[in-house]
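One letter stands for each residue in the lines below.
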Amino acid sequence: GIAGAIGRLMMSGVQPASPFDTPHTPFNRGLSGKRSFATVRVSLSEIKAVKTALDATVNDIVLAVASYAVEDYLRDQGHRLDRPLIATIPVAVPTVDNAARLHGNRISNMMASLCNDIADPVQRVAAIHESAEAAKDMQRRLGLDLMLEWAEYTPPGPFKLGLRMYSGLRLADRHRAPANLIVSNVPGPRQPLEVAGAKLKSLYSIGPILNGLGLNITAWSYCDHVGFTVLADRASIPDAHEITDRIPLALEKLATAAAQRAA
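Definitions and limits used
Residues numbered from 1 in each chain as written. Predicted model: local features only at pLDDT ≥ 70, side-chain atom pairs only at ≥ 80, totals over all residues. Heavy atoms only, no water. Helix = DSSP H or I, 4+ residues; strand = E, 2+ residues; numbered from the N terminus. Rg over C-alpha atoms; globule rule 2.2 N^0.38 Å. Buried < 20%, exposed > 50% of the residue type's maximum accessible area, 1.4 Å probe, protein only. Contact = heavy atoms within 4.5 Å. Pairing = 2+ DSSP bridges. Axes fitted to C-alpha atoms, helices over the stretch in contact; angles between N-to-C directions. Core = buried A, V, L, I, M, F, W, Y, C linked by side-chain atoms within 4.5 Å. Parallel < 35°, antiparallel > 145°, perpendicular 65-115°, else oblique. Nonpolar A, V, L, I, M, F, W, Y, C, P; charged D, E, K, R; others polar. Expected span 1.5 Å × (residues − 1). Arc of directions from axis to C-beta.

Visitor: Describe the overall build of the protein chain, naming the residues involved and giving the relevant values.
Guide: Along the backbone of the protein chain there are eight helices and eight strands. For the protein chain, whose C-alpha radius of gyration is 19 Å, the value lies close to the compact-globule estimate of 18 Å for 263 residues. For the protein chain, the spread of C-alpha atoms along the principal axes amounts to about 55 × 50 × 40 Å. A burial count over the protein chain gives 40% of its 263 residues as buried.

Visitor: Give a description of the environment of Ala-64 that names residues and reports values.
Guide: You can see Ala-64 is positioned in helix 3 (residues 58-76). For the pair formed by Ala-64 and Val-125, sequence separation is 61 residues and the distance between their alpha carbons is 6.1 Å. Once you skip the residues sitting within four places of it in the chain, Ala-64 turns out to touch Val-125, Ile-128 and Leu-254.

Visitor: Describe the sheet that holds strand 1 (residues 35-43), and please don't skip the residues or the numbers.
Guide: Within a sheet, adjacent strands bond to each other through the backbone by hydrogen bonds, running parallel or antiparallel. Read from one edge to the other, the open sheet built from six strands follows the order 1-8-7-4-2-3, with strand pairing classed as mixed. Of all strands in the sheet, those with a lone pairing partner are strand 1 and strand 3 (107-113), marking the two edges. Strand after strand, the sheet turns through a mean of 20° between neighbouring axes, direction not considered. Where strand 2 (residues 86-92) lies against strand 4 (residues 181-186), two bridges are found, and the strand directions are parallel. Counterpart to Ala-87 in the pairing with strand 4 is Leu-181. On the sheet, helix 2 (residues 44-53) packs against strand 1, strand 7 (215-222) and strand 8 (225-233) and is oriented at approximately 75° with respect to strand 1. This element, helix 8 (residues 247-262), spans strand 1 and strand 8 of the sheet and lies at about 35° to strand 1.

Visitor: Break down the nonpolar core for me, citing the residues and quoting the values.
Guide: The biggest cluster of nonpolar side chains holds 49 residues, and the ones touching the most others in it are Ile-61, Leu-181, Leu-215, Ile-217 and Phe-228. Among the elements that line this core, the one with the most residues is helix 3, at eleven residues. For Leu-181, the residues in contact, after removing those within four places along its chain, are Val-70, Leu-85, Ile-86, Ala-87, Thr-88, Leu-114, Leu-213, Leu-215 and Ile-217. The next biggest cluster of nonpolar side chains, apart from the first, holds six residues, and it includes Met-111, Ala-179, Ile-182 and Leu-213.

Visitor: Tell me about unusual backbone geometry, residues and numbers included.
Guide: The phi dihedral of Cys-115 is positive, around 55°, even though this residue is not glycine. Counting through the fold element by element, Cys-115 comes out in the loop between strand 3 and helix 4 (121-142). For Cys-115, a relative accessible area of 6% puts it in the buried group.

Visitor: Lay out the environment of Ala-56 in plain terms, naming residues and giving numbers.
Guide: Examined against the element boundaries, Ala-56 turns out to sit in the loop between helix 2 and helix 3. A C-alpha to C-alpha distance of 7.2 Å links Ala-56 and Ala-126, two positions 70 residues apart in sequence. With residues near it in sequence (within four places) discarded, Ala-56 still touches Lys-51, Ile-61 and Val-125.

Visitor: Any details on the pairing of strand 4? Residues and values, ideally.
Guide: With five bridges connecting them, strand 4 and strand 7 associate as parallel partners. Bridging across to strand 7, Asn-185 finds its partner in Ala-219.

Visitor: Provide a residue-level description of the packing of helix 1 (residues 2-10) against helix 4, including the pertinent values.
Guide: Put simply, helix 1 and helix 4 touch, their axes get as near as 7 Å, and they point 150° apart. Taken together, the axis directions place helix 1 and helix 4 in an arrangement best described as roughly antiparallel. Residues Ile-2, Gly-4, Ala-5, Gly-7, Arg-8 and Leu-9 of helix 1 pack against Ala-134, Asp-137, Met-138, Arg-141 and Leu-142 of helix 4. Counted by class, the contact of helix 1 with helix 4 contains six nonpolar, two polar and three charged residues.

Visitor: Go over the side chain of Ser-184 with me, naming the residues and quoting the values.
Guide: Mapped onto the elements, Ser-184 comes out in strand 4. Discounting chain neighbours no more than four positions away, the residues touching Ser-184 are Val-62, Pro-90, Ile-217, Thr-218 and Ala-219.

Visitor: Can you lay out helix 8 for me, pointing to particular residues and giving the numbers?
Guide: In this model helix 8 runs 23 Å from its N-terminal to its C-terminal C-alpha over 16 residues, within 8% of the 22 Å that 1.5 Å per residue would give. Listed as buried for helix 8 are Ile-247, Ala-250, Leu-251, Leu-254, Ala-257 and Ala-258. Along the axis of helix 8, the buried positions cluster into a sector of 120°, meaning they face one direction only. Away from its buried face by more than 90 degrees, helix 8 exposes Leu-249 and Gln-260. Looking at the buried side of helix 8, the elements it contacts are strand 1, helix 2, helix 3, helix 4, strand 8 and helix 7 (241-244).

Given below as structure tokens:
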């Protein structure tokens, strides 16, 4: 895996996003004990139309929406980015021979740039796509289950103690974060679901936030909608609606750019 990663870094072209090459943001610090939470729903058909027009993927558009929404929020709060935001993206690791997974999660992570240094929406989506593809290639070379295999050798006691010390000393306040935020995109059911005759109207899910990573944006598709959920450290982002309110506007910005390109 290491040999494959070195070979990838020696190649020309777009390279994967580098850990710790992140800008300082209000949500990249130690966590408080309180959270802010918000949801919003957008059209899956519109996301698919944009991704088709821009020769991208649904995941690229989700990343681009997060890129514009968070950037706009930071700008309105008076923060200027000195480099692009980096998102860490959870990736499902297939089971052996694609056997059914009966319990637990098999998750790896990859990192992609949100390319905030590119103003043009069409060019930004293209750059995000290239960054994500480079990350996928690096992950394939390292091995999808590398993180899971190394985790088997982590002693639980010292690991738990180390996390407590890291949190208690607020060490996340003293160094650049390995990534700025967590962005997940999960394909959900295409058909309506019901429980005991009650129809499921919307589907929202959320992952964790961590010390140094105080913002999580998770998108779940369900039928013809995508439910975005934002979880944040309240000390850094007091009202998560400040970000979810910007998600439809970010998608509208991308849709306008896609329509202009098609024209």
